[in-house]
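# Summary of structural features
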Amino acid sequence: MSVVVVGNGMAGARLVGELRRRDRRLPVTVFGAEESPPYNRVLLSDVLAGRSGPGDIGLTAPGWYAGNDVDARLGVPVTGVDRAARTVTSADGRVTPYDALVLATGSAPVVPPLRGMDAAGVVAFRTIEDCRAILRHAAAARSAVVVGGGLLGLEAARGLAGRGMPVTVVHRPGHLMDRQLDPEAGGVLRRVLADLGVATFLGARVAAARTAGGRVTGVELDDGTLLEADLVVLACGVRPETGLASAAGLPVGRGVLVDDRLRSVGDPRVHAIGECAQHQDTMYGLVAPAWEQAGVVADVLTGRDARYAGSRPVTRLKAAGIDLAAMGETGLGDDEAEVVRFADPVRGTYKKVVIKDDRLVGAILLGETGTAGLLSQLYTRAAPLPPDRLHLLFHGMGTGPPADTPVRIPDAAVVCHCNNVTKGGIRASWEAGSRDVRDVAAGTRATTGCGGCRDTVTGILEWLRSQDAGASPAAPATVNPL
Ligand SMILES: Cc1cc2nc3c(=O)[nH]c(=O)nc-3n(C[C@H](O)[C@H](O)[C@H](O)COP(=O)(O)OP(=O)(O)OC[C@H]3O[C@@H](n4cnc5c(N)ncnc54)[C@H](O)[C@@H]3O)c2cc1C
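The paragraphs below set out a description of the structure included in this document. (Residues numbered from 1 in each chain as written. Predicted model: local features only at pLDDT ≥ 70, side-chain atom pairs only at ≥ 80, totals over all residues.)

### As for the pairing of strand β24 (residues 338-344)
Remark: a regular strand shows side chains that alternate across the two faces of the sheet. Put simply, the rule is: Strand pairing is assigned whenever DSSP detects at least two bridges linking the two strands. Only DSSP runs of H or I reaching four residues or more are called helices, and only runs of E reaching two or more are called strands; each is numbered from the N terminus.
Sheet topology note: the β24/strand β25 (residues 349-356) ladder contains seven bridges and is antiparallel. Among the inter-strand pairings, valine 340 is bridged to a residue of β25, identified as valine 353. Taking the residues between adjacent antiparallel strands as the criterion, β24 and β25 are bridged by four residues, where glycine 348 takes a positive phi near 75°.

Okay, here's the thing in structure tokens:
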């Protein structure tokens, strides 16, 4: 049995690691079109904002592949799959046989087919090389335009504004982060961004990039508005990389169609995971589902009976000065569900929970995210809600239990959503000798995805320390457990 993995990004690299954890001898080859060893793509926003360096976000230690007997072909894209012969052909002309093939080819950024988009200074935001290019241009740029006001675009805009550059976001829908937020939350977010030096044009369409001498000088909108900019960052969507699968005759919808074992519905020897896969009509653009899928495929390929049942991901914006968490169906109104909301636009706060059949089906916390951990637990577990709704919005208010403290978080509650690590897992890690976040990360991987759970893990460790020291567990440190 030999496994070939195509794509060494967040999903592919995780799969290779998971395979090795389960089987030291299984022959594994991984192809990566990018030359660099795998890195945490999620943290590129931190690199852009100057919170991390490009060298800080690697996913494998130097020498890991050689030390673990994995044949890693970095900078070598796969160009074709021959399913009858069970081989892949790579750009270096080599032909590599497989018994099981896993496509983990991710997505490519959408570059609008408009005049000037190939000019110097126009850069998509997807890879570490893109990030380096943006930083190079930013060093000399006086102002920037970001095309796209989704999660990625806003993180890029905030990162650039934090470097002291005037930034304008151009977004085609009528409100920011329209996939995660309702219009009211989008409006509050817009005000918050304006205070942080990010201007926004909503309902606006880019018509072309203006150029001079091959360099970008601005962006024209279709209503004739001209925005000057010598850096244009494209964050206007992604397209799943399904070309190999289509060319190999595999069924493809928006992504490679897979069953509950993440096998292609057209060939049980081919799997697909991450952003290129379509499971039960759903495509995910977040890392937690990609890593969950990698774990399931690692199980399946090493003879375990595992199934993927879909994910309920939580989105967090990683931007200095903006606290935002969103999950599920946030657009539902009072006629469709029980909706509880609080808005204080002047102070940049908006909170909303959407409830159906006494279960949380959606939530937005903007500006103050003290109950984000509680809500994400209730959402991911589809747990019944306590009758008092107030403490869902405000930490420590209402008559319900203060569920988002280290004491009260149930052991089964997921603390690190990217890596599916529960509070019980962190407690077990403590009992095995972990004493700080670094130890826990090494033992459980908690905090190594988007990093949003770091404060919670710290709080749980403090609480465990205080318990061991004999302090009263009745007075725990209060943390945000997301
Ligand atoms: C800046 C940024 C910030 C983000 N922030 C968050 C966040 O806060 N939270 C979150 O959950 N998600 C976030 N995401 C999304 C997250 O990074 C993706 O969902 C995740 O990377 C998907 O993993 P993947 O392996 O499917 O795709 P990728 O990580 O894109 O990996 C695919 C890899 O396959 C390679 N490849 C493609 N074709 C071939 C081929 N033919 N041969 C060989 N290799 C090939 C590509 O070069 C790439 O390296 C962010 C993404 C970006 C870009």
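### Some points on the nonpolar core
Using the following cut-off: By definition, a nonpolar core groups buried Ala, Val, Leu, Ile, Met, Phe, Trp, Tyr and Cys residues that are joined through C-beta atoms within 7 Å. Comment: burial labels come from other C-beta atoms within 10 Å of the residue's own C-beta, placed from the backbone, where a count of 20 or more is buried, 12 or fewer is exposed, and between is partly exposed. The contact criterion used here is simple: two residues whose C-beta atoms, placed from the backbone, lie within 7 Å are in contact.
Formed by 139 residues in total, the largest nonpolar core has its most connected members in Leu15, Val102, Leu103, Val232, Val233 and Ile273. Of the residues forming this core, the biggest block, nine residues, is contributed by helix α8 (residues 287-301). Residue contacts for valine 102: discarding those within four places in its chain leaves Val3, Val5, Val6, Leu15, His271, Ile273 and Val297.

### Let's talk about the site of the ligand
This is how the line gets drawn: As a rule, any residue with its backbone-derived C-beta atom within 6 Å of a molecule or strand is reported as near that molecule or strand. Under the scheme applied here, ten amino acids are nonpolar (Ala, Val, Leu, Ile, Met, Phe, Trp, Tyr, Cys and Pro), four are charged (Asp, Glu, Lys and Arg), and all others, including Gly, are polar. Domain limits in this description derive from either an automatic procedure or a database domain assignment.
Lining the immediate environment of the ligand, one finds 35 residues, of which Gly7, Gly9, Gly106, Gly274 and Leu286 sit closest. At the level of secondary structure, the elements contributing two or more residues to the shell around the ligand comprise α1 (10-22), β2 (28-32), α2 (44-49) and α8. Across the shell around the ligand, the residue classes break down as 18 nonpolar, eleven polar and six charged. Formed jointly, the shell around the ligand draws a minimum of three residues from each of two domains, domain 1 (3-108 + 239-301) and domain 2 (122-236).

### A short note on helix α13 (residues 454-468)
We count it as follows: Expected span, for any helix, means 1.5 Å times one less than how many residues it has.
Its 15 residues give α13 an end-to-end C-alpha distance of 21 Å, which sits within 8% of 21 Å, the value for a rise of 1.5 Å per residue. Inspection of α13 places Thr456, Val457, Gly459, Ile460, Leu461 and Trp463 among the buried residues, and these make up the whole buried set. Considering only its buried residues, α13 is in contact with α9 (372-380), β27 (414-416), α11 (423-431) and α12 (437-444).

### What to know about the sheet that holds strand β26 (residues 359-366)
Defined as follows: What counts as an axis is a line fitted to C-alpha atoms, over the stretch in contact for a helix, and the angles between N-to-C directions run from 0 to 180 degrees.
In space, the five strands of this open sheet follow the order β22-β23-β26-β25-β24, with antiparallel pairing throughout. Two strands lie at the open edges of the sheet, namely β22 (314-316) and β24, each paired on one side alone. The mean inter-strand angle of the sheet, taken between neighbouring strand axes irrespective of direction, is 10°. Sheet topology note: the strand β23 (residues 324-328)/β26 ladder contains five bridges and is antiparallel. Its bridge partner being in β26, alanine 326 is matched across the sheet by isoleucine 364.

### Some remarks on the pairing of strand β7 (residues 100-103)
In β7, alternate side chains face the same way, and those of Ala100 and Val102 on one face and Leu101 and Leu103 on the other are all buried. Of the strand pairs in this sheet, strand β1 (residues 3-6) and β7 are connected by four bridges, and their pairing is parallel. Counterpart to valine 5 in the pairing with β7 is valine 102.

### Describing the packing of α11 against α12
Convention followed: Roughly parallel means an angle under 35 degrees; roughly antiparallel, over 145; roughly perpendicular, 65 to 115; everything else is oblique. Two helices that cross are described as forming a left-handed crossing if the nearer one is turned anticlockwise from the farther one by less than a right angle, and a right-handed crossing if clockwise.
One way to put it is that α11 packs onto α12 with a least axis distance of 10 Å and a crossing angle of 110°. Looking at the two axes, α11 sits roughly perpendicular to α12. α11 and α12 meet at a crossing whose hand is right-handed. Between α11 and α12, the residues in contact are Gly425, Ile426 and Ser429 and Val440, Gly443 and Thr444, respectively. When its residues are assigned to classes, the contact of α11 with α12 shows two nonpolar, four polar and no charged.

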